[in-house]
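# Chain and residue survey
Residues per chain, in single letters:
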Amino acid sequence: MKHEKLYIKNMVCPRCIKTVRQLLDGLSIAYSEVILGQVSLKAPLSAGQTDVLKAALRNEGFELIDDLLSSKVEAIRLAIIEWARMSGERPALADMLQNRMLKEYSAISKLFSQMNSISVERYAILQRIEYAKELLSYGDKSISEIAWELGFSSPAHFSAQFKKETGMSPRQFKAMRDKNRIPIDRI
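So, here's what we can say about the structure. What you see is a predicted model; the values in this text were computed from it and never measured. (Residues numbered from 1 in each chain as written. Predicted model: local features only at pLDDT ≥ 70, side-chain atom pairs only at ≥ 80, totals over all residues. Heavy atoms only, no water.)

## Quick look at the overall build of the protein
The secondary structure content of the protein amounts to nine helices and four strands. Listed N to C, the secondary structure of the protein is β-α-β-β-α-β-α-α-α-α-α-α-α in terms of helices and strands. Its C-alpha atoms put the protein at 55 × 40 × 25 Å along the principal axes. Counting the 187 residues in the protein, one finds 40% classified as buried. Total accessible area computed for the protein in this model is approximately 10500 Å², and 51% of it derives from carbon and sulfur atoms. (Helix = DSSP H or I, 4+ residues; strand = E, 2+ residues; numbered from the N terminus. Buried < 20%, exposed > 50% of the residue type's maximum accessible area, 1.4 Å probe, protein only. Areas by Shrake-Rupley, 256 points an atom, 1.4 Å probe, with all protein chains shown as cover.)

## Looking at the packing of aromatic side chains
Under the defined criterion, the tally for this structure stands at four aromatic pairs. Taking 5.3 Å as the distance between ring centres and 55° as the angle between the ring planes, the aromatic pair formed by Phe152 and Phe158 counts as tilted. Across the pair, exposure class does not vary: Phe152 and Phe158 are buried alike. On the numbers, 5.7 Å between centres and 70° between planes, the contact of Phe162 with Phe173 is edge-to-face. Taken together, the positions of Phe162 in helix α8 (residues 155–166) and Phe173 in helix α9 (residues 170–175) put the pair eleven residues apart, joining distant regions of the chain. With relative accessibility at 1%, the residue Phe173 sits in the buried group. One aromatic cluster is present, built from ring pairs that chain together Phe152, Phe158, Phe162 and Phe173. Looking at Arg90, its charged tip hangs above the ring of Trp83, at a distance of 5.0 Å from the centre. Seen from the ring of Phe152, Arg128 lies directly overhead, with NZ or CZ sitting 3.9 Å from the centre. (Phe/Tyr/Trp six-rings, centres within 6.5 Å; stacked < 30°, edge-to-face > 60°. Lys NZ or Arg CZ within 6 Å of the ring centre and 35° of its normal.)

## Focus: the pattern of salt bridges
Applying the stated criterion across every chain yields a total of seven salt bridges. Across the pair Asp66 and Lys54 runs a salt bridge whose closest N-O atoms are separated by 3.0 Å. Of this pair, Asp66 sits in the loop between β4 (63–65) and α3 (68–84) while Lys54 is found in helix α2 (residues 47–59), placing the two residues twelve residues apart along the sequence. Given a relative accessible area of 24%, Lys54 falls into the partly exposed group. (Salt bridge = Lys/Arg side-chain N within 4 Å of Asp/Glu carboxyl O.)

## Quick look at the pairing of strand β2 (residues 31–35)
Inspection of the sheet shows β2 paired to strand β3 (residues 38–41) by four bridges, in the antiparallel sense. Pairing of Ile35 across the sheet is with Gln38, part of β3. A loop of two residues connects β2 with β3, the two strands running antiparallel in sequence, and Gly37 in this loop sits at a positive phi of about 80°. (Pairing = 2+ DSSP bridges.)

## Some details on the packing of helix α5 (residues 105–116) against helix α6 (residues 120–138)
It is the contact of α5 with α6, at a shortest axis distance of 9 Å, that shows an interaxial angle of 75°. If you check the angle between α5 and α6, you find them roughly perpendicular. Mapping the contact onto sequence places Tyr105, Ser109, Phe112 and Ser113 in α5 and Val120, Glu121 and Tyr123 in α6. Within the contact of α5 with α6, the residues separate by chemical class into four nonpolar, two polar and one charged. (Axes fitted to C-alpha atoms, helices over the stretch in contact; angles between N-to-C directions. Parallel < 35°, antiparallel > 145°, perpendicular 65-115°, else oblique. Contact = heavy atoms within 4.5 Å. Nonpolar A, V, L, I, M, F, W, Y, C, P; charged D, E, K, R; others polar.)

## A few points about the pairing of strand β1 (residues 4–9)
Sheet analysis places β1 next to β3, joined by four bridges and oriented antiparallel. Counterpart to Glu4 in the pairing with β3 is Leu41. Bridge analysis of β1 against β4 gives three bridges, and the strand direction is antiparallel. If you follow Tyr7 over to β4, its bridge partner there is Ile65.

Here it is as structure tokens:
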């Protein structure tokens, strides 16, 4: 059985998957799998079903991606988010993207930059810093532990990168009462 795939923008976490599953179930749309950014349907949607699904997704902060180019860019974005949230040692971002997208890194980077007006590398840095803010907000890990978890070569390198992006050290951020965090789907 051939499964139709839908690509959905702004799915960034397990709660997003759960929300999309609930929407599909509520609309009686049969699916076989929901993963970040993608739904495998058991049957094609009618035009009416597509319109209703688009509206329901929009109400939850998601967007149905209609064109192939946008779906490729969304797959790149989700892979970068996944890479940024890996613990400890991680593959080189370029290698991971090449393996995931089955394209040369230069083509991946060019497409992403053209569609988002930000480079892959810059987007990856912003994602890592937002994840660092999240970990610092919890307060249960030291700066050294967070630096290791995010794959930085040293706590000093992590601190320098964090300060460059936020204007404050990780220690200063951790001490703040009002943490200025950006939802990862808005980066």
